[in-house]
Amino acid sequence: STSAASPFDRKLQTTTSSSQLIITGVIDGPLPGGLPKMVELYALGDVTDLSAYGIGSANNGGGSDGQEFTLSGGSLPARSFITIASESVEFANYF
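Enquirer: Go over the side chain of Lys37, please, and point to the residues and values.
Expert: Relative to the assigned elements, Lys37 resides in strand β3 (residues 35-43). Only 2.6 Å separates the side chain of Lys37 from the side chain of Asp28, close enough to count as a polar contact. Looking at Lys37, its side chain comes within polar contact range of the main-chain oxygen of Gly34, at 3.4 Å.

Structure (structure tokens):
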């Protein structure tokens, strides 16, 4: 969902009719520039092709331009998490 109070909002998009991934976490970090920015996804069932999923961003209630990032190919077993970060250095520094 979107909220004008949230400076970092992500929407999961899929080309399939039944999504096996759900958003379980969103972080707009406390470091300069709001870093790290991160989305955590959880697989409800086996995901055989991650490239069928992508994320779009809506900032400060401005809406999304659609899918901006497509997950790379590969699979994810059921009951697994995957983390997507805006960049790796501050993500590693924070976590």
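Back to the write-up after that little detour.
Enquirer: How would you summarise the environment of Ser72 if you had to cite specific residues and measurements?
Expert: Mapped onto the elements, Ser72 comes out in the loop between β5 (69-70) and β6 (81-85). Distance in space between the C-alpha atoms of Ser72 and Tyr53 is 8.7 Å, their sequence separation being 19 residues.

Enquirer: Which residues make up the sheet that holds strand β2 (residues 21-31), and what are the values?
Expert: The strand order across the open sheet built from three strands is β2-β3-β6, with neighbouring strands paired in antiparallel fashion. Edge positions in the sheet fall to β2 and β6, since each has one partner strand and no second. Across the sheet, the axes of successive neighbouring strands diverge by a mean angle of 20°, strand direction being ignored. Pairing of β2 with β3, which is carried by eight bridges, proceeds in the antiparallel orientation. The residue bridging Ile27 from the neighbouring strand is Met38, located in β3.

Enquirer: An account of the pairing of strand β4 (residues 53-58) is requested, with residue identities and associated values reported.
Expert: The two faces of the sheet receive side chains in turn, since in a regular strand these alternate between them. For β4, the buried fraction is high: six of the six residues fall into the buried class. Burial along β4 is two-sided: the residues Tyr53, Ile55 and Ser57 and Gly54, Gly56 and Ala58 are all buried. In terms of strand pairing, β4 meets β5 through two bridges, oriented antiparallel. Counterpart to Ile55 in the pairing with β5 is Phe69.

Cut-offs and rules
- Residues numbered from 1 in each chain as written.
- Predicted model: local features only at pLDDT ≥ 70, side-chain atom pairs only at ≥ 80, totals over all residues.
- Heavy atoms only, no water.
- Helix = DSSP H or I, 4+ residues; strand = E, 2+ residues; numbered from the N terminus.
- Polar contact = N/O pair within 3.5 Å; in protein donor to acceptor, adjacent residues only side chain to side chain.
- Pairing = 2+ DSSP bridges.
- Axes fitted to C-alpha atoms, helices over the stretch in contact; angles between N-to-C directions.
- Buried < 20%, exposed > 50% of the residue type's maximum accessible area, 1.4 Å probe, protein only.

Any functional reading would require information beyond the geometric quantities listed.
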